[in-house]
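Chain and residue survey
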Amino acid sequence: MIYEQIKKQATDEMNKAVESFEKRISTIKAGRATEAILDGITFSYYGTETPINQAATVSIPEARLLVIKPWDKSNIGPIEKAILKSNVGITPQNDGEIIRLPFPQLTEERRKQYTKEVDTYAEDSKIIIRNKRREAMEEVKKSEKSGDITEDDRYTLEDEIQKITDKRIEELEKIAAKKNKELMSV
């Protein structure tokens, strides 16, 4: 029972670190329009902070253009202000009906800067995963000392936790490499 609990908890926490990394890098723009850039941006809608995608239709008609069409035209101003305040690095263009977010072509310097950012986020996530491994290993040793698992179980569980850790770190590296390749492609 304890054996499976420790393994499941370590796996779940490491998966959360990978998911968090993916979400974090999805907001890094690669010169192409992506709805992910609006994640976390809210505006005041009748006194309630509301995500943009819950009060407007968001579409990508071209590779480098994001279009936001509010369902209620009176929200154009507040949505535009929220985007400006969010520091996404793109100036919205408002024509009274829709808001356009034109994504500029990235310079080589900016691309390299973004890849460094991705690598930093990846390293932060690897540290989180390694810390979860350390915590799980400590839990395994405590369980052995208290007599809940045998010495053989401890070695088996430590080996399984290490394999899970290696797999998650490899997964992180693949995701980071894919994002960096996307960023560096013109």
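See the structure shown above.
A few points on the structure. (Residues numbered from 1 in each chain as written. Predicted model: local features only at pLDDT ≥ 70, side-chain atom pairs only at ≥ 80, totals over all residues. Heavy atoms only, no water.)

Okay, the pattern of salt bridges next. Scanning the entire structure with this criterion turns up 16 salt bridges. The salt bridge partner of Lys8 is Asp12, with a shortest N-O separation of 2.8 Å. Here Lys8 pairs with Asp12, and both are found in helix α1 (residues 2-26), just 4 residues apart, close to one helical turn. According to the relative accessible area criterion, Lys8 is exposed, its value standing at 51%. One salt bridge in this structure joins Glu13 and Lys132, with 3.8 Å as the shortest N-O distance. (Salt bridge = Lys/Arg side-chain N within 4 Å of Asp/Glu carboxyl O. Helix = DSSP H or I, 4+ residues; strand = E, 2+ residues; numbered from the N terminus. Buried < 20%, exposed > 50% of the residue type's maximum accessible area, 1.4 Å probe, protein only.)

This part covers helix α2 (residues 76-85). Taken residue by residue, α2 has Ile76, Ile79, Glu80, Ala82 and Ile83 as its buried positions. Down the axis of α2, the sector holding all buried residues measures 160°, keeping them to one side. Residues of α2 that are exposed and angled more than 90 degrees away from the buried face: Lys81 and Lys85. On its buried side, α2 packs onto β1 (42-45), β3 (56-62), β4 (65-70), β5 (93-94) and β6 (99-102). Just downstream of α2 lies Asn87, where phi reads positive at about 60°. (Arc of directions from axis to C-beta. Contact = heavy atoms within 4.5 Å.)

Another aspect to go through is the nonpolar core. With 27 residues, the main nonpolar core has Phe21, Ile25, Ile28, Val118, Ile129 and Ile161 as its most contacted residues. Of all the secondary-structure elements, those providing two or more residues to this core are α1, α3 (108-145) and α4 (151-184). Among residues more than four places away in sequence, those in contact with Ile129 are Met14, Ala17, Val18, Thr165, Arg168, Ile169 and Leu172. Counting 19 residues, the second-largest nonpolar core is a separate cluster that includes Ile41, Ala55, Leu66 and Ile90. (Core = buried A, V, L, I, M, F, W, Y, C linked by side-chain atoms within 4.5 Å.)

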